[in-house]
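Summary of structural features
Read off the chains here:
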Amino acid sequence: MSPETTPEDTARAAALRRAGIIAFLAGAAATLAFFAFFPGLPHVIDWGAIIAALTIGALARWACRSRLRRQHTHPE
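Residues numbered from 1 in each chain as written. Predicted model: local features only at pLDDT ≥ 70, side-chain atom pairs only at ≥ 80, totals over all residues. Heavy atoms only, no water.

Observations regarding the overall build of the protein
- A count of helical and extended segments in the protein gives 2 helices and 0 strands.
- Of all 76 residues assigned to the protein, the portion counted as buried reaches 14%.
- In the protein, once contacts between residues fewer than 6 apart in sequence are set aside, the share between residues at least 24 apart is 62%.
- With the model as given, the accessible surface of the protein reaches about 6,100 Å², and the carbon-plus-sulfur share is 68%. (Helix = DSSP H or I, 4+ residues; strand = E, 2+ residues; numbered from the N terminus. Buried < 20%, exposed > 50% of the residue type's maximum accessible area, 1.4 Å probe, protein only. Contact = heavy atoms within 4.5 Å. Areas by Shrake-Rupley, 256 points an atom, 1.4 Å probe, with all protein chains shown as cover.)

The following block contains the structure:
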């Protein structure tokens, strides 16, 4: 028998999803900005920079969601 979902669970899932999206976009944007504006680098966005931005965005999303889940399960 599966546990029933409560409105609190759906609100928590929505908050986690929203935080994950924001963390992904922030990580990807910061990485692209680094490759675009850092002095000394060629000022081009190539496929390597795009792949790096997607990877950093995914890592930022994972870190944000795991931290929020840990804080929710182990409040101090």
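Focus on a nonpolar patch on the surface
- Nonpolar side chains collect at one region of the surface, where Leu32, Ile45, Trp47, Ile50, Ile51 and Leu54 lie side by side and expose about 590 Å² of accessible area between them.
- If you tally residues by element for the nonpolar patch, the top one is helix H2 (residues 47–73), at 4 residues.
- Within the element layout of this structure, Ile50 appears in helix H2. (Patch = residues over 30% accessible without salt bridge, like charges linked within 9 Å, V, L, I, M, F, W, Y side chains within 5 Å. Salt bridge = Lys/Arg side-chain N within 4 Å of Asp/Glu carboxyl O.)

Structural notes on the side chain of Arg65
- On the secondary structure map, Arg65 appears in helix H2.
- Arg65 gets classed as buried once you look at its relative accessible area, which sits at 16%.
- Filtering out sequence-adjacent residues up to four positions away, Arg65 remains in contact with Leu16, Arg17 and Gly20.

Things to note about the environment of Phe35
- Among the secondary structure elements, Phe35 is positioned in helix H1 (residues 7–37).
- Relative accessible area serves as the criterion here: at 26%, Phe35 is assigned to the partly exposed category.
- Phe35 sits 13 residues away from Gly48 along the chain, and the two C-alpha atoms are 9.9 Å apart.

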